[in-house]
Amino acid sequence: MLIRAISDVHARTEGLAQSADGADVFICLGDLILFLDYEDPAIGVFADLFGEVNARRYIDLRTRRKYDEARSFSRDLWGAVGGDIWRTINERVGQQYAETFAAMPAGFLTYGNVDLPVLWPTYARADHEIVDGEAVDVGGLRVGFVGGGLRSAMRTPFELDPEEFDAKVAKLGPVDVLCSHIPPDFPDCTYDVVARRFERGSQALLRYIRDVQPRYALHGHVHQPLVPRVTIGRTQVVNVGHFRSSGKAFEVRL
């Protein structure tokens with residue numbers, strides 16, 4: 001069985017339809033929204049609403065870890081615009097989701113930390129199986145899915161309290177392949193060499209990997225990882241890559 005997996009699509013539709021080519025199973029590990037593009041501040045929901053200059057300022061504050069100042073800056077911008085903030089965001093995100101889900105291959109999908117799960121049923125097709133906090137049988141293999149992220153200073157839309165996230169991990173039972181958006185809390189997996197910071201990983205995922213020893217643990221979230229692939233016991237822990245940058249899927253044959 002050939003599995004092809006992607007993560008961190010961030011509104012890239014170029015090559016998305018082809019990312020499942022030749023695969024028996026296609027998996028997407030979330031982050032379909034492009035709210036803010038650190039490499040190109042002229043694009044994304046924030047830049048669409050407030051312009052490139054303000055996007056660059058916002059990115060600079062977040063890059064320097066001045067999160068409170070960044071939030072204050074964002075509130076001032078929203079205050080000047082007025083109106084229903086979430087309605088405006090949902091409209092912009094909905095435009096991205098419409099295009100992204102239309103190009104997305106059939107397969108299994110789970111949420112990323114910047115996704116808005118409430119909007120997925122509106123745009124997902126019938127051949128998109130959305131799975132979060134459960135395991136499914138895929139051609140005789142048990143594949144478990146844990147979507148979303150953990151609370152962080154970034155305050156992205158789908159961040160969960162540890163108790164809620166850990167409960168999803170606990171529900172899985174033994175699996176052959178573990179699929180999550182965020183990595184286990186293992187330093188080599190969580191450090192981003194470009195952002196020069198540790199992203200938040202999950203202790204529950206790390207304990208699960210050590211206890212259950214699935215054949216593979218696939219994740220995304222860290223765009224430029226220190227080490228894209230590590231071994232924990234018998235488990236191959238793999239960052240499937242930043243699809244927006246690479247346009248490539250990770251593939252494994254089981």
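Small disclaimer: the values here were computed from a predicted structure and weren't measured.

Student: Please clarify how the sheet that holds strand 6 (residues 141–146) should be interpreted in this entry.
Tutor: Two orientations exist for strands paired in a sheet by backbone hydrogen bonds: parallel and antiparallel. Strand order in the open sheet formed by six strands is 5-6-9-12-14-13, with mixed pairing between adjacent strands. Whereas interior strands pair on both sides, the edge strands pair on one side only; in this sheet they are strand 5 (134–138) and strand 13 (229–232). Across the sheet, the axes of successive neighbouring strands diverge by a mean angle of 20°, strand direction being ignored. One ladder, built from four bridges, connects strand 12 (residues 216–219) with strand 14 (residues 235–239); its direction is parallel. Bridge assignment links H219 to a residue of strand 14, and that residue is N239. On top of the sheet, helix 8 (residues 203–212) reaches strand 6, strand 9 (177–180), strand 12, strand 13 and strand 14; it is set at about 175° to strand 9, its chief contact.

Student: I'm lost on helix 8 in this one. Help?
Tutor: For an α-helix, 3.6 residues make a turn, and residues three or four places apart therefore share a direction. All of the buried residues in helix 8 are A204, L205, L206, Y208 and I209. Buried-residue contacts for helix 8 involve strand 6, helix 6 (162–170), strand 9, strand 12, strand 13 and strand 14. Two or three places before A204, at the opening of helix 8, S202 has a side-chain oxygen 3.2 Å from that residue's backbone nitrogen. Directly after helix 8, the chain includes Q213, whose backbone phi takes a positive value near 55°.

Student: What should I look at first to understand the sheet that holds strand 3 (residues 107–109) in this one?
Tutor: Strand order in this open sheet of five strands is 4-3-2-1-15, and the pairing throughout is mixed. Every other strand in the sheet has two partners, leaving strand 4 (128–130) and strand 15 (250–253) as the edge strands with one partner each. For this sheet, the mean angle separating the axes of adjacent strands, direction not counted, is 25°. Examined bridge by bridge, strand 3 and strand 4 share three bridges and lie parallel to one another. Note on strand 4: the bridge partner recorded for L109 is I130.

Student: What exactly am I supposed to notice about the environment of E14 here?
Tutor: Along the chain, the position of E14 falls in the loop between strand 1 (2–6) and strand 2 (25–28). Put simply, E14 and A103 are 89 residues apart on the chain and 8.6 Å apart in space, counted from C-alpha to C-alpha.

Student: Help me out: how do you make sense of the nonpolar core in this one?
Tutor: Side chains of a nonpolar character, in soluble globular proteins, are inclined to be buried together. Core analysis: the biggest nonpolar cluster contains 57 residues, and I6 and Y97 have the highest contact counts within it. Of all the secondary structure elements, the ones that give two or more residues to this core are strand 2, helix 1 (45–50), helix 2 (52–63), helix 3 (67–81), helix 4 (85–103), helix 6, helix 8 and strand 13. The next biggest cluster of nonpolar side chains, apart from the first, holds 20 residues, and it includes A5, I27, V143 and L218.

Student: Explanation requested: the pairing of strand 15 in the structure shown.
Tutor: Regular strands place side chains that alternate from one sheet face to the opposite one. Going residue by residue along strand 15, you find F250 and V252 tucked away on one face and E251 and R253 left uncovered on the opposite face. As defined by bridge partners, strand 1 adjoins strand 15 across four bridges and the pair is classed as antiparallel. From the neighbouring strand, A5 faces strand 15, where its bridge partner is F250.

Student: Sorry if this is basic, but what is going on with the side chain of Q96 here?
Tutor: By secondary structure assignment, the location of Q96 is in helix 4. Taking the relative accessible area as the measure of exposure, Q96 reaches 13% and is therefore buried. One polar contact links the side chain of Q96 to the main-chain amide nitrogen of L34, over a distance of 2.8 Å. If we ignore the near neighbours within four places in the chain, the residues touching Q96 are A11, L32, I33, L34 and V45.

Student: Would you take a moment to explain the pattern of salt bridges for this structure?
Tutor: A side chain with one charge can pair with a side chain of the opposite charge if their charged atoms come near. In the structure shown here, the tally under the stated rule is 13 salt bridges. Salt-bridge contacts for D37 lead to R244; the nearest nitrogen and oxygen are separated by 3.1 Å. Of this pair, D37 sits in the loop between strand 2 and helix 1 while R244 sits in helix 9 (residues 243–246), placing them 207 residues apart in sequence. Of the charged contacts, one joins E69 and R57 as a salt bridge, the two residues approaching to 3.1 Å between their closest N and O atoms.

Cut-offs applied
- Residues numbered from 1 in each chain as written.
- Predicted model: local features only at pLDDT ≥ 70, side-chain atom pairs only at ≥ 80, totals over all residues.
- Heavy atoms only, no water.
- Pairing = 2+ DSSP bridges.
- Helix = DSSP H or I, 4+ residues; strand = E, 2+ residues; numbered from the N terminus.
- Axes fitted to C-alpha atoms, helices over the stretch in contact; angles between N-to-C directions.
- Contact = heavy atoms within 4.5 Å.
- Buried < 20%, exposed > 50% of the residue type's maximum accessible area, 1.4 Å probe, protein only.
- Polar contact = N/O pair within 3.5 Å; in protein donor to acceptor, adjacent residues only side chain to side chain.
- Core = buried A, V, L, I, M, F, W, Y, C linked by side-chain atoms within 4.5 Å.
- Salt bridge = Lys/Arg side-chain N within 4 Å of Asp/Glu carboxyl O.

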